[in-house]
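# Structure at a glance
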Amino acid sequence: MAPRCWRWWHWSAWRRTRPPPAGSTPSFRQQFSTQEQAPQICVVGSGPAGFYTAQHLLKHHPRAHVDIYEKQLVPFGLVRFGVAPDHPEVKNVINTFTQTARSDRCAFRGNVVVGRDVAVSELQAAYHAVVLSYGAEDHQALEIPGEELPGVFSARAFVGWYNGLPENRELVPDLSCDTAVILGQGNVALDVARILLTPAGHLEKTDITEAALGVLRQSRVKTVWIVGRRGPLQVAFTIKELREMIQLPGTRPMLDPADFLGLQDRIKELPRQRKRLTELLLRTATEQPGAEEAARQASAARTWGLRFFRSPQQVLPSPDGRRVAGIRLAVTRLEGVGEAARAVPTGDTEDLPCGLVLSSVGYKSRPIDPSVPFDPKLGVIPNMEGRVLGVPGLYCSGWVKRGPTGVIATTMTDSFLTGQMLLQDLKAGLLPSGPRPGYAAIEALLSGRGVQPVSFSDWEKLDAEEVSRGKGAGKPREKLLDPREMLRLLGR
Ligand SMILES: Cc1cc2nc3c(=O)[nH]c(=O)nc-3n(C[C@H](O)[C@H](O)[C@H](O)COP(=O)(O)OP(=O)(O)OC[C@H]3O[C@@H](n4cnc5c(N)ncnc54)[C@H](O)[C@@H]3O)c2cc1C
């Protein structure tokens, strides 16, 4: 299948620009050989996908030059703004990205919104190849009445708030309620539940923003429900995150044994990872804990629970209509089996009182430039192994390529693959001929438009400032939240 599609793409999309068949003009091939060309490549987005693609290109082509454009003032995408502050080990990938950025064949161009400050077609004119790695920033709306009520947030915005994403710094959720409901049962849902329930003192030495920590210290949230449309066999979180929840200091789990009836018999058929995860869920739900664990749970002031077979139907307002007071859930049943099973409403509903609703039901990429094909249904750029369909010289990697699922390691693999396809095309002489101006042309455009990019050494100054601000409190850093202040620190 893949080779056939590739051939289709090759012939139909590139008919006009395709070089003559290999061998017919030796000088032509030579022109594109890795010996002759210093390919100018740009990557849009500085998250894991952008950095891993750049890393692959630099490693496997001795003279390739890669510019990484980023709309934020700072690099690293969701490693900085998504990964939870109490998971610092995950952020170690930043060290590798920093090595890449410090290469003299790589440059970081922050503070440039591609699609607004510079068009993709302008990048295509300046570079031999353009890789789109701009992630999946939109959240999936619930599309239910009451969604706009104060107290309802996307988990994405909530995460951005505690992780210092400038556009979410004004979020300041009201945590004076007793109960929070999280819709969705993936790792992001567990991240958010964990941050809400972790004793604030345990977060003090992380890079969580001081502002978020202040709000969490005052929080009165005691119960967090993590609600899924389907059953225990369809949860999307992984065992590490579940185990962390089960062992979270000062909390105890609430799982209804009735949700797990009959599961014991089916465990044997499950694939290995799903089996281990389900066993842990089942044990937690049905087995009596040992004396020590029972004592720990008895003294816990906070609880979290998984609610299955419930789909959000309506956010319920408080009597004065000014904020959320609960959520109406449709009771569902499953049609089909395994991960493909669908949740179908039974007609019954249940109202769950709560003062905070966080929806974590998925993300979506958005089109950033009308010239780039986009599949609105799948929320990705249509591509074949990273080659954007119908647009020679344009590639994609990461969440915008394969959708917003998968951890950093998955993103790494798919980004290396995109890098490999690009280099294959370069070698085969399929990329535009002749020298390209690269950043020189874009710099002129940006300066005419009043855009002042931030370089990697600028970031290193901001980084040093953040690290120094964190020192007093024993934190790895205190993130800068105000873009104007950041630019001021850079003398702009
Ligand atoms: C809340 C959360 C927690 C997570 N925790 C973990 C974890 O603990 N461990 C793990 O392995 N994975 C985790 N992941 C998954 C991981 O973050 C993703 O797999 C990975 O970040 C996807 O990489 P990406 O480069 O495609 O997207 P992103 O990381 O989103 O990077 C995209 C970049 O493109 C930039 N951009 C967007 N639009 C433009 C534009 N128009 N112009 C220029 N730049 C633009 C963005 O600002 C961003 O920097 C988490 C994800 C989320 C949402």
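Everything numeric in this text was worked out from a predicted model, so none of it was measured. (Residues numbered from 1 in each chain as written. Predicted model: local features only at pLDDT ≥ 70, side-chain atom pairs only at ≥ 80, totals over all residues. Heavy atoms only, no water.)

Strand order in this open sheet of three strands is 11-12-13, and the pairing throughout is antiparallel. Edge positions in the sheet fall to strand 11 (310-317) and strand 13 (342-353), since each has one partner strand and no second. Put simply, the sheet's adjacent strands are angled 20° from each other on average, direction ignored. Sheet topology places strand 12 (residues 324-335) next to strand 13; nine bridges connect them, and they run antiparallel. By the bridge assignment for strand 13, Arg-333 is matched with Val-344. (Pairing = 2+ DSSP bridges. Helix = DSSP H or I, 4+ residues; strand = E, 2+ residues; numbered from the N terminus. Axes fitted to C-alpha atoms, helices over the stretch in contact; angles between N-to-C directions.)

Relative to the assigned elements, Lys-427 resides in helix 15 (residues 408-427). When the C-alpha positions of Lys-427 and Gly-110 are compared, they lie 30 Å apart, and in sequence the two are 317 residues distant.

Here we come to a positive patch on the surface. Together, Arg-243, Arg-272, Arg-276 and Arg-283 give the surface a local cluster of positive charge. When residues in the positive patch are grouped by element, the largest group, three residues, is from helix 12 (residues 272-286). The exposed category is assigned to Arg-272, whose relative accessible area is 62%. (Patch = residues over 30% accessible without salt bridge, like charges linked within 9 Å, V, L, I, M, F, W, Y side chains within 5 Å. Areas by Shrake-Rupley, 256 points an atom, 1.4 Å probe, with all protein chains shown as cover. Salt bridge = Lys/Arg side-chain N within 4 Å of Asp/Glu carboxyl O. Lys, Arg positive; Asp, Glu negative; His and termini not counted. Charge placed at Lys NZ, Arg CZ, Asp CG, Glu CD. Buried < 20%, exposed > 50% of the residue type's maximum accessible area, 1.4 Å probe, protein only.)

Turning our attention to the pattern of salt bridges. Pairs can form between side chains of opposite charge once their charged atoms are near each other. Per the stated rule, a full pass over the model turns up 37 salt bridges. As a salt-bridge pair, Arg-116 and Asp-117 come within 3.0 Å of each other at their nearest N and O atoms. You can call Arg-116 exposed: its relative accessible area is 63%. Among the salt bridges present, the one from Arg-307 reaches Glu-350, with a minimum N-O distance of 3.1 Å. Of this pair, Arg-307 sits in strand 10 (residues 302-307) while Glu-350 sits in strand 13, placing them 43 residues apart in sequence. As far as the burial class goes, Arg-307 and Glu-350 line up, both buried. What emerges from the salt-bridge pattern is a single network uniting Glu-204, Glu-210, Arg-217, Lys-475 and Glu-478.

Attention shifts here to the pairing of strand 2 (residues 65-69). Counting buried positions along strand 2 gives five out of five residues, so the element sits mostly inside the fold. Of the two faces of strand 2, the one carrying His-65, Asp-67 and Tyr-69 and the one carrying Val-66 and Ile-68 are both buried. Pairing geometry for strand 1 (residues 40-44) and strand 2, over five bridges, is parallel. Note on strand 2: the bridge partner recorded for Val-43 is Ile-68. For the crossover that starts at strand 1, traverses helix 3 (residues 48-60) and ends in the parallel strand 2, the hand is right-handed. (Right-handed = clockwise from strand over helix to strand, strands pointing away.)

Moving on to the site of the ligand. Every one of the 32 residues lining the ligand counts as a neighbour, but Ala-49, Glu-70, Trp-399, Gly-406 and Ile-408 are closest to it. Within the contact set of the ligand, an oxygen atom lies 2.6 Å away from a side-chain nitrogen or oxygen of Glu-70. Within the side chain of Thr-411, a nitrogen or oxygen atom sits 3.1 Å from an oxygen atom of the ligand. Secondary structure elements with two or more residues in the shell around the ligand: helix 3, helix 8 (187-197) and helix 15. Residue composition of the shell around the ligand, by class: 17 nonpolar, eleven polar and four charged. (Near = heavy atom within 4 Å. Polar contact = N/O pair within 3.5 Å; in protein donor to acceptor, adjacent residues only side chain to side chain. Nonpolar A, V, L, I, M, F, W, Y, C, P; charged D, E, K, R; others polar.)

Here helix 9 (residues 210-217) has its buried residues at Ala-212, Leu-213, Val-215 and Leu-216. Angular distribution of buried residues about the axis of helix 9 spans 160°; they occupy a single face of the element. (Arc of directions from axis to C-beta.)

Okay, the side chain of Thr-209 next. Structurally, Thr-209 is set in the loop between helix 8 and helix 9. Not counting the four nearest positions on each side in its chain, Thr-209 is found in contact with Trp-161, Tyr-162, Asn-163, Gly-164, Lys-475, Glu-478 and Leu-481. (Contact = heavy atoms within 4.5 Å.)

What follows deals with the sheet that holds strand 9 (residues 251-254). Here we have six strands laid out as an open sheet, ordered 6-14-7-8-10-9, and parallel in their pairing. Each edge of the open sheet is held by one strand with a lone partner, namely strand 6 (152-154) and strand 9. In this sheet, neighbouring strand axes are inclined to one another by 20° on average, regardless of whether the strands run parallel or antiparallel. Direction of pairing for strand 7 (residues 179-183) relative to strand 14 (residues 356-359): parallel, over a ladder of four bridges. Paired with Ile-182 across the bridge in strand 14 is Leu-358. Sitting on the sheet, helix 8 touches strand 7, strand 8 (223-227), strand 9, strand 10 and strand 14, and the angle it makes with strand 8 is about 175°.

Just distances and angles here, no functional claims.
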